[in-house]
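# Geometric and topological summary
Each chain, letter by letter, is given below.
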Amino acid sequence: TSLNLLLKMSVMVLTSFRWEEERSTDGSKWRFLEHNGPVFAPSYEPLPDKVKFFYDGKHMKLSPPAEEVATFFAKMLDHEYNMTKKNEKSKITDLNKCNFSQMNDYFKAQSEARKQMTKEEKRKIKEENERLLQEYGFCIMDNHKERIGNFRIEPPGLFRGRGDHPKMGMLKRRIRPEDIIINCSKDSKQPKPPPGKKWKEVRHDNKVTWLASWTENIQGSIKYIMLNPSSRIKGEKDWQKYETARRLKKCVDRLRTQYRDDWKSKEMRIRQRAVALYFIDKLALRAGNEKEEGETADTVGCCSLRVEHIQLYPKMDEQEFVVEFDFLGKDSIRYYNKIPVEKRVFKNLQLFLENKQPEDDLFDRLNTSILNKHLQELMDGLTAKVFRTYNASITLQQQLKELTTSDDSIPAKILSYNRANRAVAILCNHQRAPPKTFEKSMQNLQTKIDEKQIQLSTARKQLKAAKADHKASHDDKSKKTVEVKRKAVQRIEEQLMKLQVQATDREENKQIALGTSKLNYLDPRISVAWCKKYAIPIEKIYNKTQREKFAWAIDMAEKDYVF
DNA sequence: CCTTAGACTTGGACCAAAGTTT
DNA sequence: AAACTTTGGTCCAAGTCTAAGG
């Protein structure tokens, strides 16, 4: 295989950058695609006989498939959530009568044992992982060897879902080769299914980017194996996304004027559309597709907001026309916000609420499809999510400009960067649970700061003493000592400042997740340009993976880049 | 027009590896 | 070298949006 790979790679064109290569115009995503297929979950290993399962107090020997399911439950025992599944057809009808404790103990012991592994054992595992990565983790797309994102198929287990999910606890079944559709090019060496097995299908569709797919049994949706963000195909798409957002920047004033105008429309559907768009623009809300009831957790976005999700306050504290939002958004993350709106918006909302029940749709004449169709007419390629990208990126750019001070130290500038990033994360409502060790880690940092402060005052005293000494003796040696002490003070001051900045940053970041906006919403060229302008090494902003993902931007953006 | 399948992007938690301190 | 902390990769979804089909 490696010889084969070499041969194929030797054909590769050695252009300087692949995002400068030509792309097709007929909607095809590639011409050549070759890969080795997915890695399947390891097959089930029955437990040793000594690990017993009890039902209703009585020992029961389970068949391997039933035992596997039992182990899923056993592994859940320590989790705070309770799986409320009514189990299998057989004798086991009541989960409460199942005693998984031996199994649970066994797995705990196993995980303990894993931690105690010798270096040698760890090395072996690492090597095996590396071997799998080399064999299955890459593909050839057109003239390039590309990293695959998720080449391992998800193992079977209990579906959890997020928030209050109606399907929590359902069995997620094992995926076999017979479930997999392979996609590759006709002239490639097709991946081989495991011995004695067959793929569901092998197709050659170059209008899509995935390498393999299967249908998952919980929602019946399709899962894909696709390329890593560092790949050409993902990078180009990403670039395109930001270019669309920049086109929105050019016409956003016009669109804003228009939707404000539409607040006065005599047609209800237009008013609703205009108010929804205002929220999407101002609050960076998601579009809010309809969801099938009972299939997923009850969450909403803009178009699917219900009456119960907003409260209107003609007057609140010092402000007029305040709208209070309180709903569960994507991943059941709560969105809570109180914002003053323009009188017209407020009046419209009152109108939309008339004669409605709490569970009725706020925008009953609107859905994402209608909204997006309208947006498409306003600007080519415009959809609701472009506003999120646009507002996130423009906010970063503005905040960076506002917060960065040229003669700040590098750590201080990075604090400014993180604050700009944070402004975006807050806008997009990217929250996280405070880390479990937050308080402790804050305390540790404070201890360090206190110590450093003591160190500093000692150093300052020493400097003073050295100065006095020098004044008295005026010799070279004492002059040198003064210099040495002066340097020491300076160094400690810097260290102290760095620690204080770190503490501020961490505190402000307690409940904010920066990752998502950094990875998905912020035009990387803004960050690259900022780094160049202030001579900040790009490594301070992007780690290795991120630099790989944003290679196109790092290559492209100069210090004067403007989003 | 409405519904649904399909493709692709966006999302936070968790945990092992890497890094740092004791 | 053990213990502890931080980082970043993986996991496992949950969204958005387009297009095909009825």
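Since we're looking at a predicted model, the values are computed, not measured.

## Re the sheet that holds strand E13 (residues 310–316)
Spatial ordering of the open sheet is given by E13-E14-E15, a layout of three strands whose pairing is antiparallel. Of all the strands in the sheet, just E13 and strand E15 (334–340) have a single pairing partner and so form its edges. Mean inter-strand twist for the sheet, computed between neighbouring axes without regard to direction, equals 15°. As judged from the six bridges shared by E13 and strand E14 (residues 319–328), these two strands associate in the antiparallel manner. If you follow Met316 over to E14, its bridge partner there is Gln319.

## With respect to the layout of surface pockets
Computed from the structure, the largest pocket encloses a volume of approximately 1400 Å³. Taken together, 45 residues make up the lining of the largest pocket; nearest its centre are Arg286, Gly329, Lys330, Asp331 and Tyr521. Sort the elements by how many residues they give to the lining of the largest pocket and helix H9 (residues 384–403) lands first, with four residues. Across the lining of the largest pocket, the residue classes tally to 16 nonpolar, 19 polar and ten charged.

## Side note on empty space enclosed by the protein
Using the criterion set out here, one finds three cavities of 30 Å³ or more in the structure. What lines the second largest cavity is Glu154, Pro155, Lys172, Arg173, Ile175, Trp214, Glu216 and Asn217. In terms of residue class, the lining of the second largest cavity is built from three nonpolar, one polar and four charged.

## As for the sheet that holds strand E4 (residues 98–99)
What holds strands together in a sheet is hydrogen bonding between their backbones, with the strands either parallel or antiparallel. In space, the three strands of this open sheet follow the order E3-E2-E4, with antiparallel pairing throughout. Pairing within the sheet leaves two strands with one partner each, and these edge strands are strand E3 (58–60) and E4. Summarising the sheet, strand E2 (residues 53–55) and E4 pair through two bridges and their orientation is antiparallel. When the bridges of E4 are listed, Phe54 appears paired with Asn99.

## Concerning the protein's contact with DNA strand B
Close contacts around DNA strand B come from 26 residues, with Arg162, Lys234, Lys330, Thr516 and Tyr521 the closest. Put simply, 83% of the atoms of DNA strand B that lie within 4 Å of the protein are in sugar or phosphate. In this structure, a phosphate oxygen belonging to DNA strand B sits 2.8 Å away from a side-chain N or O atom of Lys29. The side chain of Arg286 places a nitrogen or oxygen atom 2.8 Å from a phosphate oxygen of DNA strand B. Contributions of two or more residues to the surface near DNA strand B are made by strand E12 (222–225), helix H5 (232–262), H9 and helix H13 (515–520). Sort the elements by how many residues they give to the surface near DNA strand B and H5 lands first, with three residues.

## A short note on the confidence of the model for chain A
Confidence in the prediction for chain A averages 87 pLDDT; 91% of positions are at 70 or higher. Averaged pLDDT values for the elements of chain A fall to 39 in helix H1 (residues 2–10) and rise to 97 in helix H7 (residues 343–353). For residues 1–16, every residue scores under 50 in pLDDT, and the model assigns this stretch 15 contacts once sequence neighbours within four places are set aside.

## Thoughts on the nonpolar core
Ranked by internal contacts, the top residues of the largest apolar core, which has 74 residues, are Leu248, Phe279, Phe325, Leu349 and Phe363. Not counting residues up to four positions away in its chain, the partners in contact with Leu349 are Val275, Phe279, Ile310, Leu312, Val323 and Leu362. The next biggest cluster of nonpolar side chains, apart from the first, holds 22 residues, and it includes Trp30, Ile153, Trp214 and Leu227.

## Side note on the UniProt feature "active site" (unreviewed entry) in chain A
When the UniProt feature table is mapped onto this chain, "active site" (unreviewed entry) is found at Tyr521. Following the sequence through the fold, Tyr521 ends up in the loop between H13 and helix H14 (524–533). Apart from residues lying up to four places away in sequence, Tyr521 is in contact with Tyr242, Arg388, Thr389, Ala392, Ser393, His430 and Thr516. For Tyr521, the side chain forms a polar contact with the side chain of Arg388, separated by 2.9 Å.

So, how was this worked out
- Residues numbered from 1 in each chain as written.
- Chains lettered and ligands numbered in written order.
- Predicted model: local features only at pLDDT ≥ 70, side-chain atom pairs only at ≥ 80, totals over all residues.
- Heavy atoms only, no water.
- Pairing = 2+ DSSP bridges.
- Helix = DSSP H or I, 4+ residues; strand = E, 2+ residues; numbered from the N terminus.
- Axes fitted to C-alpha atoms, helices over the stretch in contact; angles between N-to-C directions.
- 1 Å grid on protein atoms, 1.4 Å probe; cavity = no way out; pocket = protein on both sides within 12 Å on 5 of 7 lines; lining within 4 Å.
- Points joined across faces, edges and corners; volume = space filled by probe spheres on them.
- Nonpolar A, V, L, I, M, F, W, Y, C, P; charged D, E, K, R; others polar.
- Near = heavy atom within 4 Å.
- Polar contact = N/O pair within 3.5 Å; in protein donor to acceptor, adjacent residues only side chain to side chain.
- pLDDT = per-residue confidence, 0-100.
- Contact = heavy atoms within 4.5 Å.
- Core = buried A, V, L, I, M, F, W, Y, C linked by side-chain atoms within 4.5 Å.
- Buried < 20%, exposed > 50% of the residue type's maximum accessible area, 1.4 Å probe, protein only.
- UniProt positions renumbered as here; feature names shortened; annotations may be inferred.

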